[in-house]
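# Commentary on secondary and tertiary structure
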Amino acid sequence: MDLAELGEEFAAFWRERHLCTLATARDGGPPHVVPVGATLDLDTATARVITSGSSRKARLIGANGPDGEAVSLCQVDGRRWSTLEGRAVVRTEPEQVADAERRYTARYKPPRPNPSRVVLEIRVTRVMGNV
């Protein structure tokens, strides 16, 4: 997917400081929806969320192994909104975590130290919104 085709307004919206919601599936129950900070790499169509490895969202995604879990990542600002859909996997490699922390710092602020931090890496396959 070429996210650059969505234009500068879309790119700027994903650089602005907005909280997002991440929705994952629960077995036999309603979706698990939580607020998160997220970053988007337009060049690779990859969104990233940093979190603790013991978090419910990381465990739900990790339970599906290397194929990952279908997720939705959404941010809204008044009438402007954007939802990214794709498959998420859990990354634990130190270089992946450090890269995601740098991206998070650029969009939000430096995250607090967390030795059990992982990255939820989302390969974006569909975009919806009004940006």
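Please refer to the structure higher up on the page.
Here's a quick rundown of the structure. (Residues numbered from 1 in each chain as written. Predicted model: local features only at pLDDT ≥ 70, side-chain atom pairs only at ≥ 80, totals over all residues. Heavy atoms only, no water.)

## Some words on helix H1 (residues 8-15)
- Turning to H1, its buried residues are Phe10, Ala11, Phe13 and Trp14. Mapping the buried residues of H1 onto a view down its axis gives an arc of 160°, with all of them on the same face. Away from the buried face of H1 by more than 90 degrees, exposed residues Glu8, Glu9 and Arg15 are located.
- Tucked into the core, H1 has its buried residues touching strand S1 (20-24), strand S3 (39-41), strand S5 (69-77), strand S6 (80-91), helix H3 (94-107) and strand S7 (117-130). (Buried < 20%, exposed > 50% of the residue type's maximum accessible area, 1.4 Å probe, protein only. Helix = DSSP H or I, 4+ residues; strand = E, 2+ residues; numbered from the N terminus. Arc of directions from axis to C-beta. Contact = heavy atoms within 4.5 Å.)

## Topic: the side chain of Arg107
- Within the secondary structure, Arg107 is located in helix H3.
- One buried charged residue, Arg107, forms no salt bridge at all, with the nearest opposite charge on Glu16 at 6.7 Å.
- Of note is the side chain of Arg107, whose polar atom sits 3.1 Å from the backbone oxygen of Trp14.
- In this structure the side chain of Arg107 is engaged in a polar contact, spanning 2.6 Å, whose partner is the side chain of Gln75.
- Here Arg107 is in contact with Phe13, Trp14, Arg15, Glu16, Arg17, His18, Cys20, Ala38, Thr39 and Gln75, once residues within four sequence places are set aside. (Lys, Arg positive; Asp, Glu negative; His and termini not counted. Salt bridge = Lys/Arg side-chain N within 4 Å of Asp/Glu carboxyl O. Polar contact = N/O pair within 3.5 Å; in protein donor to acceptor, adjacent residues only side chain to side chain.)

## Digging into the nonpolar core
- Core analysis: the biggest nonpolar cluster contains 29 residues, and Trp14, Leu22, Leu40, Leu73 and Leu84 have the highest contact counts within it.
- The element contributing the most residues to this core is S7, with 5 residues.
- With near-sequence residues (within four places) excluded, Leu22 lies in contact with His32, Val33, Val34, Val36, Lys57, Val71, Ser72, Leu73, Leu120 and Ile122. (Core = buried A, V, L, I, M, F, W, Y, C linked by side-chain atoms within 4.5 Å.)

## Observations concerning H3
- Here H3 spans 20 Å end to end across 14 residues, near enough to the 20 Å set by a 1.5 Å rise per residue.
- Within the span of H3, buried status applies to Val97, Asp99, Ala100, Tyr104 and Arg107. Angularly, the buried residues of H3 cover 160° about the axis, an arc narrow enough to put them on a single face. In H3, those exposed residues whose orientation departs by more than 90 degrees from the buried face are Pro94, Glu95, Arg102 and Ala106. (Expected span 1.5 Å × (residues − 1).)

## Thoughts on the layout of surface pockets
- Counted as a void, the largest pocket has a volume near 260 Å³.
- Lining of the largest pocket is provided by Pro35, Val36, Gly37, Ile50, Thr51, Ser52, Lys57, Tyr104, Pro111, Arg112, Asn114 and Arg117.
- Put simply, the parts of the chain that give the lining of the largest pocket at least two residues each are strand S2 (32-36) and strand S4 (46-52).
- If you tally residues by element for the lining of the largest pocket, the top one is S4, at 3 residues.
- Partitioning the lining of the largest pocket into residue classes produces 5 nonpolar, 4 polar and 3 charged.
- Space inside the second largest pocket adds up to approximately 170 Å³.
- Looking at the lining of the second largest pocket, the elements that each hand over two or more residues are H1, S3 and H3. (1 Å grid on protein atoms, 1.4 Å probe; cavity = no way out; pocket = protein on both sides within 12 Å on 5 of 7 lines; lining within 4 Å. Points joined across faces, edges and corners; volume = space filled by probe spheres on them. Nonpolar A, V, L, I, M, F, W, Y, C, P; charged D, E, K, R; others polar.)

## As for the environment of Glu16
- Considering the arrangement of structural elements, one finds Glu16 in the loop between H1 and S1.
- In the structure, Glu16 is positioned 91 residues away from Arg107 in sequence and 6.9 Å away in space, judged by C-alpha atoms.
- For Glu16, the residues in contact, after removing those within four places along its chain, are Arg80 and Arg107.
- Polar contacts involving the side chain of Glu16 include one to the side chain of His18, which spans 2.7 Å.

## What to know about the pairing of S2
- Burial of the side chains of S2 is restricted to one face: His32, Val34 and Val36 are buried, whereas none of Val33 and Pro35 on the reverse face is.
- Strand direction decides the pairing type here: S1 and S2, joined by 5 bridges, are antiparallel. When the bridges of S2 are listed, Cys20 appears paired with Val36. (Pairing = 2+ DSSP bridges.)

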